[in-house]
Amino acid sequence: MSDKKVRVRFAPSPTGGLHLGGVRTVLFNYLFAKKHGGDFVLRIEDTDQTRYVDGAEQYIMDCLKWCGLTPDESPLVGGPFAPYRQSERKPLYREYAERLVENGHAYYAFDTSEELEQKRKDIPNFQYGHAYRHEMRNSLSLPLHEVEKLLHDGTPHVIRIKMPEDQNIGFDDMIRGYVNFDSNLVDDKVLLKADGMPTYHLAVVVDDYLMKITHAFRGEEWLPSAPVHILLWKVLGWEADMPAWAHLPLILKPDGHGKLSKRDGARLGFPVYAMNWQDNKTGELTPGFRELGFLPEAFLNLLAMLGWNDGTDQEIFSLNELIEKFSIDRISKAGAKFDFEKAKWYNAEWIKRSDAENLKLKVWEVLKAKGIVIKDEAYLLKVIDVVKERCVLIYDFYQQSAYFFRQPAEYDLNAVKPKWTDAKTDFFNAFISILSSPETYDAAALEAKFKALAEEKGLKAGDVMLPFRIMLVGGKFGPHVFDIAKLLGESETIIRIEKALEAFNA
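Notes on the structure in this doc start here.

Cut-offs and rules
- Residues numbered from 1 in each chain as written.
- Predicted model: local features only at pLDDT ≥ 70, side-chain atom pairs only at ≥ 80, totals over all residues.
- Heavy atoms only, no water.
- 1 Å grid on protein atoms, 1.4 Å probe; cavity = no way out; pocket = protein on both sides within 12 Å on 5 of 7 lines; lining within 4 Å.
- Points joined across faces, edges and corners; volume = space filled by probe spheres on them.
- Helix = DSSP H or I, 4+ residues; strand = E, 2+ residues; numbered from the N terminus.
- Phe/Tyr/Trp six-rings, centres within 6.5 Å; stacked < 30°, edge-to-face > 60°.
- Buried < 20%, exposed > 50% of the residue type's maximum accessible area, 1.4 Å probe, protein only.
- Lys NZ or Arg CZ within 6 Å of the ring centre and 35° of its normal.
- Salt bridge = Lys/Arg side-chain N within 4 Å of Asp/Glu carboxyl O.
- Contact = heavy atoms within 4.5 Å.
- Core = buried A, V, L, I, M, F, W, Y, C linked by side-chain atoms within 4.5 Å.
- Pairing = 2+ DSSP bridges.

1. Some thoughts on the layout of surface pockets
Step number 1: In this structure, the largest pocket occupies an estimated 1,200 Å³ of space.
Step number 2: Lining the largest pocket are 45 residues, with P12, S13, T15, E221 and W222 positioned closest to its centre.
Step number 3: Elements represented by at least two residues in the lining of the largest pocket include exactly β1 (7–10), α1 (20–35) and β8 (215–219).
Step number 4: Here the lining of the largest pocket takes four residues from α1, the largest share from any one element.

2. Here we look at the packing of aromatic side chains
Step number 1: Within this structure, the stated rule accounts for 40 aromatic pairs.
Step number 2: Note on F289 and F294: the rings are 5.0 Å apart at their centroids and 80° apart in plane angle, and the pair reads as edge-to-face.
Step number 3: The exposure class of F294 is buried, given its relative accessible area of 2%.
Step number 4: Cation over ring: K342 sits above W345, and NZ or CZ is 4.1 Å from the ring centre.
Step number 5: Positioned above the aromatic ring of Y346 is the side chain of K342, whose terminal nitrogen or guanidinium carbon lies 5.6 Å from the ring centre.

3. Topic: the pattern of salt bridges
Should their charged atoms come close, side chains of opposite charge can pair.
Step number 1: Tallying each qualifying case throughout the model produces 37 salt bridges.
Step number 2: Its salt-bridge partner being R89, residue D207 comes within 2.8 Å of it at the nearest N-O pair. Taken together, the positions of D207 in helix α6 (residues 200–210) and R89 in the loop between α2 (56–67) and α3 (90–102) put the pair 118 residues apart, joining distant regions of the chain. Neither residue differs from the other here; D207 and R89 are each classed as buried.
Step number 3: Across the salt bridge formed by E115 and R137, the nearest N and O atoms sit 3.7 Å from each other. In this pair, E115 is assigned in helix α4 (residues 113–122) and R137 in the loop between α4 and α5 (144–152), connecting sequence segments 22 residues apart.
Step number 4: Overlapping salt bridges bring together R9, R43, E45, R89, D207 and D208 as one network.

4. Observations concerning the side chain of T25
Step number 1: Here T25 is to be found in helix α1.
Step number 2: Residue class for T25 comes out buried when judged on its relative accessible area of 10%.
Step number 3: When near neighbours in sequence (up to four residues on either side) are disregarded, T25 contacts F10, F217, R218 and L248.

5. As for unusual backbone geometry
Step number 1: In the segment running from A82 into P83, the intervening peptide bond is cis, with an omega of 0°.
Step number 2: Mapped onto the elements, P83 comes out in the loop between α2 and α3.
Step number 3: The phi dihedral of N125 falls on the positive side, at around 55°, and the residue is not glycine.
Step number 4: Relative to the assigned elements, N125 resides in the loop between α4 and α5.
Step number 5: The phi angle at D166 is positive, at roughly 55°, despite the residue not being glycine.
Step number 6: With respect to the secondary-structure elements, D166 resides in the loop between β4 (158–161) and β5 (168–173).
Step number 7: Judged by its relative accessible area of 62%, D166 falls in the exposed class.

6. A closer look at the nonpolar core
Step number 1: Ranked by internal contacts, the top residues of the largest apolar core, which has 117 residues, are L20, F299, F338, F428 and F468.
Step number 2: It is α1 that provides the largest number of residues to this core, a total of nine residues.
Step number 3: Excluding its chain neighbours within four sequence positions, the residues that come into contact with F468 are F428, F431, F450, V481, F482, A485, T493 and I497.
Step number 4: Grouped together as the second largest cluster of nonpolar side chains are 39 residues, V101, I159, V206 and W238 included.

7. Notes on the pairing of strand β3 (residues 106–109)
For a regular strand, side chains alternate in direction, first toward one face of the sheet and then toward the other.
Step number 1: Here β3 shows two buried faces, one formed by A106 and Y108 and the other by Y107 and A109.
Step number 2: Across four bridges, β3 lies against β4 in antiparallel orientation. Paired with A109 across the two strands is V158, which belongs to β4.

See the structure below:
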């Protein structure tokens, strides 16, 4: 690695929701930058104004904030290379496009959309490149005086790169090794559009150069564009400053056939966006991992493991651990299949490992939304600690803990009544007397008293354990029943037993 300070960037287009593949690209950029003491830049590539969506830029920033991947430079925080929105940098791109025309590496093209459409109809697989460029209306095919007149008259035009013939354009990819392309198979991409806005091809090169980007991580789907970008770095005279490239493997559908899409998530019932995204034109809501009940730590952890590992069997990593252990040579070339069950496993593991204090506000919100009023914060923390091992998603805390805050509204009587006897009623009345005594019990002591009483009454402990659970929570679920009783306290446990006995004996 060179002595230059590492600078990486994530450059999304504000055209909709943020796919989990995009967040993984952010994550790998962030990990690499922090591992090497560098800077992570967020740059908004809003050059395609026809696809621009209001609110999408803020949504992207909100997603990164939720994930804890804070940019060092961005449209929000600024930085030494501002502005960080390409639409605000529009004037400078024409300067470089015109320079390419002057040097013979690009040309003006005056073809109308109708002319281009007709050409595509006449020639199957038409490619605007060396084979057909001289048949089109551009500054390579038209006389100089005609080109000058068209420009003088303000005739709409674009600037296209002039791809060389019979050249091998190659580069070293940090993941894939040496990659090369036949220039004859690459068309003359538009660099500057008729509205004066650059395309991605020109803007990404100019901005990476001016912002001193040292390493460029992007998805594998950008590989076909690489020869255009490599050539631009060379013909603009910036080859010595060209960033090192890394094209990340795709995140695949669960069956491994093709790139994971929003439609796959809708079809198979899981999110593919970081957060909920609502299209402000159609009103369509695309669900996100956050709203489904994922912790950001789990979301980042599962994304890191899609295409990367540290060479060990370790699967649970904090962000700091990922920074410490991240290395490019451990990224796979092959695509990674997305497994939603595995994703939920990561979340369950992170819930288990999270301190109750860290989960408190999220759980509080879940319970509050269901009408549960929390009056005692310390009690809530104890409840979280007791039930968190049983939760996969944050919303599971409602089902797993609601009974700690309000008595069961109904009971699973089918699990109790067929085997209910007067002897069991007698047992629980006797157990109420034990709970009413001034002695304080921990969960283990309470369990010992319960089992001793069952033996004294000639009952199997198992025969009264399930009814006891249903008395306290309403059904056959929840953590260890004596942990529940201890947390509820003796008086509340007595109230619930007495109330349940009425229902069981009705």
